[in-house]
Amino acid sequence: MESLGSLNKDSFVSLLSKLIGESKFVQNNPPELIPQEDRIVNHVLDSLRPYSTETGGGPLVINHVAYHSGRGNLIVEYPGSVPGKILSFVGMHMDVVTANPDEWEFDPFSLSIDGDKLRGRGTTDCLGHVALVTELMKRLGETKPALKSSVVAVFIASEENSSIPGVGVDMLVKDKLLDKLKSGPLFWIDTADKQPCIGTGGMIPWKLHFTGKLFHSGLAHKAINAMELGMEGLKEIQSRFYRDFPPHPQEKVYGFATPSTMKPTQWSYPGGGINQIPGECTISGDVRLTPFYDVTEVMKKLQEYVDGINTNIENLATRGPVSKYVLPDENLRGRLTLSFDEASAGVACNLDSRGYHVLCNATKEVVGHVKPYSITGTLPLIRDLKDEGFDVQTSGYGLMATYHAKNEYCLLTDMCQGFDVFVRIISQLEQD
């Protein structure tokens, strides 16, 4: 495996510069911004075609698969000698989150270099990884090492936003184009900080609508204050949530930064004068759920809490002597209505799998230490892969601190270490 050497920095930076130059056109925020991932695919193909079976007489088998015009995925395989022996690097996505140049200290849409920093939208998430894994596959194509394992790279479209379905990895799975990857470890390369990310969160976006009765604030006894109902109702729901879904013992094992949480993030009401007690308001937020609890069960419980509060609204805490949620004379009761947007489940990677041990060993050798971590950020795509039977492990070599942030950058030295980790993963799996 010595033949694979280390990352060719000049080649990597040159390719990354081309990719970041396209980042403006791969921002993903429909309907205004629909990425054209083939602009990235074309640069990757320019790098790899000279080593492909089709055009260059090389070993790489390349499959460009698009389900929407201009929005391709790319599967690149370096074939090994033992049938069914395989490892894969997947998840390097070719779209980016939006960037507003007015808010950045440098141009987000062109690569700039400041010492070890490679700056621009996508350097950390995830065009840096697209360039890194392209360089790995190019090196395999150039040096043609005799491997027992096939090494497959899957560059994907449409990771940052799922409002346009049927574009990316979900379709590749559906069409069984990735089925053979199930017989070996799959490394999802789209996290950060050079350590294995072994757990992610589920997310349940919720909306609570509170209905009271609007009235003049000088006659508070004739109103049902929807805001007070919202504050007290939500407080009760949160208390019950934390009682039913406390920190789980497995969270320590996986090193989760936080347990499951349920909290408000948005508040709205229809508007009105300062002297009007509002008759309705809406509080929205999310549940972030560690993968040791069931998303459906939590949604069922939240609905139970709401039903219970509605039935016994007289017992809900009030604020002051005339604050209340029932007006018997008018036959009016305050009311809570709960609705959900699309929920997704979290992932706990398999800590007994060969892929996990190999990733940890490689990380320790290259980075000097291994400290796996978990966060309640969501990666719904890897949950789907795990459910389909893939041995998913995740890692990444950008910086968590600049993920989706203004002034995004990554470090060239980190990317060099990423390349070294990949080489050691391949070499360890050769010994099986």
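For the structure given in this document, a descriptive report is provided here. (Residues numbered from 1 in each chain as written. Predicted model: local features only at pLDDT ≥ 70, side-chain atom pairs only at ≥ 80, totals over all residues. Heavy atoms only, no water.)

The subject of this paragraph is the packing of aromatic side chains. In this structure the tally under the stated criterion is nine aromatic pairs. Ring centres of phenylalanine 89 and phenylalanine 422 lie 4.7 Å apart, and the angle between their planes is 45°; this geometry places the pair in the tilted category. Taken as a pair, phenylalanine 89 in strand 3 (residues 86-93) and phenylalanine 422 in helix 10 (residues 412-430) lie far apart in primary sequence, 333 residues in all. The same class applies to phenylalanine 89 as to phenylalanine 422, namely buried. Grouping aromatic residues by their ring pairs yields a cluster made of Phe89, Phe187, Tyr397 and Phe422. Positioned above the aromatic ring of phenylalanine 25, the side-chain terminus of arginine 39 is 3.8 Å from the ring centre. Taking NZ or CZ as reference, lysine 117 lies 4.6 Å from the ring centre of tyrosine 409, over its face. (Phe/Tyr/Trp six-rings, centres within 6.5 Å; stacked < 30°, edge-to-face > 60°. Helix = DSSP H or I, 4+ residues; strand = E, 2+ residues; numbered from the N terminus. Buried < 20%, exposed > 50% of the residue type's maximum accessible area, 1.4 Å probe, protein only. Lys NZ or Arg CZ within 6 Å of the ring centre and 35° of its normal.)

Relative to each other, helix 5 (residues 226-244) and helix 7 (residues 295-311) sit at 140°, their axes nearing to 10 Å. The angle between helix 5 and helix 7 places the two elements in the oblique class. Between helix 5 and helix 7 lies a crossing whose hand is right-handed. Between helix 5, through Gly233, Glu236, Ile237, Arg240, Phe241 and Asp244, and helix 7, the contact on the second element is made entirely by Val298, Lys301, Leu302, Tyr305, Val306 and Ile309. Classifying every residue of the contact of helix 5 with helix 7 by side-chain character gives seven nonpolar, one polar and four charged. (Axes fitted to C-alpha atoms, helices over the stretch in contact; angles between N-to-C directions. Parallel < 35°, antiparallel > 145°, perpendicular 65-115°, else oblique. Left-handed = near helix turned anticlockwise from the far one by under 90°. Contact = heavy atoms within 4.5 Å. Nonpolar A, V, L, I, M, F, W, Y, C, P; charged D, E, K, R; others polar.)

Excluding glycine, residues mostly carry a negative phi; peptide bonds, for their part, are mostly trans. Across the junction of proline 30 and proline 31, the peptide omega takes the value 0°, indicating a cis bond. Tracing the sequence through the fold places proline 31 in the loop between helix 1 (9-20) and helix 2 (38-48). Cis peptide bonds are those with omega within 30 degrees of zero, and the linkage from aspartate 125 to cysteine 126 qualifies with 5°. Take cysteine 126: it is sitting in the loop between strand 5 (117-119) and helix 3 (127-143). Look at lysine 144: it is not a glycine, yet its phi comes out positive at around 45°. Within the secondary structure, lysine 144 is located in the loop between helix 3 and strand 6 (150-156). Its identity is not glycine, yet lysine 176 carries a phi of approximately 60°, on the positive side.

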